[in-house]
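Each chain, letter by letter, is given below.
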Amino acid sequence: MSDVRGTRVPRGRGDSAFTAAPFRVVTQNCRGLNAPEKRAHLLRELKQQHVSVALLQETHLRVTDTRRLTDRRFPDAFHSTHPTARKAGVAILLANSLHFTQSDMMADGYGKYLFVKGVVAQRTYTFASIYAPNTKQAKFLRATLLKLANFTEGALIMGGDFNAPLDPILDSSTGHSSIPQTAIRTIRRTLRNLRLVDAWRTLHPGDRDYTHYSALHHRHSRIDYLFLQQEGLHGLLDVEIRPTPWSDHSAVSMLMDSPLYRPVQSTWRLNESLLSDIAIQAQLVEHLNNYFTENDTDDVSALTLWEAHKSVLRGLLIRISAEKKREAQQQMASLADQIATLETLHKRTQLESHYRTLLTTRRQLTELIARKHYRTTQRSKAFFYIHANKGGRLLAHMIRNQQATAQ
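Residues numbered from 1 in each chain as written. Predicted model: local features only at pLDDT ≥ 70, side-chain atom pairs only at ≥ 80, totals over all residues. Heavy atoms only, no water.

As recorded by an unreviewed UniProt entry, the chain carries the name exodeoxyribonuclease III and is attributed to Pelobates cultripes.

Q: Let's hear about the packing of helix H6 (residues 278-295) against helix H7 (residues 302-349): which residues, and what values?
A: Viewed as axis vectors pointing N to C, H6 and H7 meet at an angle of 145°, and their least axial separation amounts to 11 Å. At the point where H6 passes H7, the crossing takes the right-handed sense. Residues Ile280, Gln283, Leu284, His287, Leu288, Tyr291, Phe292 and Asn295 of H6 touch H7, and the partners they reach there are Thr304, Leu305, Ala308, His309, Val312, Leu313, Leu316, Leu317, Arg319, Ile320 and Lys324. (Axes fitted to C-alpha atoms, helices over the stretch in contact; angles between N-to-C directions. Helix = DSSP H or I, 4+ residues; strand = E, 2+ residues; numbered from the N terminus. Left-handed = near helix turned anticlockwise from the far one by under 90°. Contact = heavy atoms within 4.5 Å.)

Q: Let's hear about the UniProt feature "site: Transition state stabilizer" (unreviewed entry) in the chain: which residues, and what values?
A: UniProt feature "site: Transition state stabilizer" (unreviewed entry): in the numbering of this structure it lies at Asn163. Here Asn163 is to be found in the loop between strand S9 (155-161) and helix H3 (168-171). The contact partners of Asn163, leaving out residues within four places of it in the chain, are Tyr131, Ala132, Pro133, Asn134, Gln137, Ile179 and Ile223. Within the local environment of Asn163, its side chain forms a polar contact with the backbone oxygen of Ala132, the two atoms lying 2.7 Å apart. (UniProt positions renumbered as here; feature names shortened; annotations may be inferred. Polar contact = N/O pair within 3.5 Å; in protein donor to acceptor, adjacent residues only side chain to side chain.)

Q: Can you lay out the pattern of salt bridges for me, pointing to particular residues and giving the numbers?
A: Should their charged atoms come close, side chains of opposite charge can pair. Applying the stated criterion across every chain yields a total of 14 salt bridges. Among the salt bridges present, the one from Arg68 reaches Asp65, with a minimum N-O distance of 3.8 Å. The exposure class of Arg68 is partly exposed, given its relative accessible area of 43%. Residue classification places Asp65 among the buried positions, given a relative accessible area of 8%. Linked through salt bridges whose partners overlap, the residues forming this network are Asp171, Asp198, Arg201 and Arg222. (Salt bridge = Lys/Arg side-chain N within 4 Å of Asp/Glu carboxyl O. Buried < 20%, exposed > 50% of the residue type's maximum accessible area, 1.4 Å probe, protein only.)

Q: Outline the confidence of the model for the chain, listing residues and values.
A: Put simply, the chain has an average pLDDT of 83, and 83% of its residues get 70 or more. Scored below 50 in pLDDT, residues 382-389 shows zero contacts in the model against residues more than four places distant or in partner chains. (pLDDT = per-residue confidence, 0-100.)

Q: Give me the sheet that holds strand S15 (residues 251-256): which residues, what numbers.
A: Sheet strands associate in pairs through backbone hydrogen bonding, adopting either a parallel or an antiparallel arrangement. On the basis of which strands lie adjacent, the open sheet formed by six strands has the order S4-S5-S3-S2-S15-S14 and mixed pairing. The sheet is open, and its two edges are formed by strand S4 (77-80) and strand S14 (236-242), each paired on a single side. The mean angle between the axes of side-by-side strands here comes to 10°, regardless of whether they run parallel or antiparallel. (Pairing = 2+ DSSP bridges.)

Q: Which residues make up the sheet that holds S9, and what values go with them?
A: If you trace the six strands from one edge of the open sheet to the other, you get S6-S7-S8-S9-S13-S10, paired in mixed fashion. Because the sheet does not close on itself, it has two edges, and the strands there are strand S6 (101-107) and strand S10 (196-198). Strand-to-strand twist across the sheet, computed as the mean angle between neighbouring axes with direction ignored, equals 20°. As paired strands, strand S8 (residues 123-131) and S9 are joined by seven bridges and run parallel to one another. Paired with Phe127 across the bridge in S9 is Ile157. Of the strands in this sheet, S6, strand S7 (113-120), S8 and S9 touch helix H2 (residues 137-151), which is tilted by about 20° from S7.

Pasting the structure below:
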């Protein structure tokens, strides 16, 4: 992983251009990330939630495909993949705002676990993403956690899909599990030896909530976990289970205290799809006509009039774009709320009709996400179509350097 350097704003500067950045860790069983729409929605979701560290399981990516799971906010990622098949696979995505400096990494050859350690804000962290098999979970976790104990340095944060409820009475809708109690006690004993604490159970000691529903066994279970060491509990702010419409597992999100800062404002980019809307075109023409009619006077020069109209047009496009974005977000938020309500209802009633309605609502949200991803892809293709045959500034610099060397 490359060393991404930057300036961290210390506390107490009072700089209004920066605000405290949350240190949010999310664990998510992705159920495959081969579809471009799923990868795009995952990265967009992580960005909207200001996620710093994403611990992913079941990525199902080949070694040659791992580079596709990156973007500007998560330019580098660590992966452990299966050597021959598109199954298993774990990954750790680290936001560039962490300025993470890698020191070491450990992974198995079958995409079951991945450990990464390095420095964040002059403090050493170890991040672990684990995907346990469907059988012999205790044996796998005991061996994996032993390797993790020898690898760990600094603060340890671990997340993953354990495929086992640690407390069947509270973590299973039926109150019991098919996994033997001896195996569950072995897992819990191994976690205690590493001083690891279940973050969600710490803040919700008596609550019942689940992260996965098995349609085959008609059972809800909490099998996705986030753990941190006991000495790090003072920095724990919040933990929640979030429904994920594009996966059969819910995400577990943990918010911790952080010394990092981030910029308050971001840059604006024109949404080119607005220009193809006939109603918006008419609105732009009317707005420009009114602008030139009201401001084309003798005391205003032609240069000032022309330069100012760009700001006026930009402000109008920002307002229209914000309204469109707000409507789309409200529609997606409404569907997400319906999914959360239906999941809660199904957890309580276990009715097949509620489950079918839940699947239909998930499908609607997935189609909406796919359309948004399609527009993004088309915009990218349009950019390359327009600029493919034009020499850019980067190409000009390269040619100039080559000419200077040759001469």
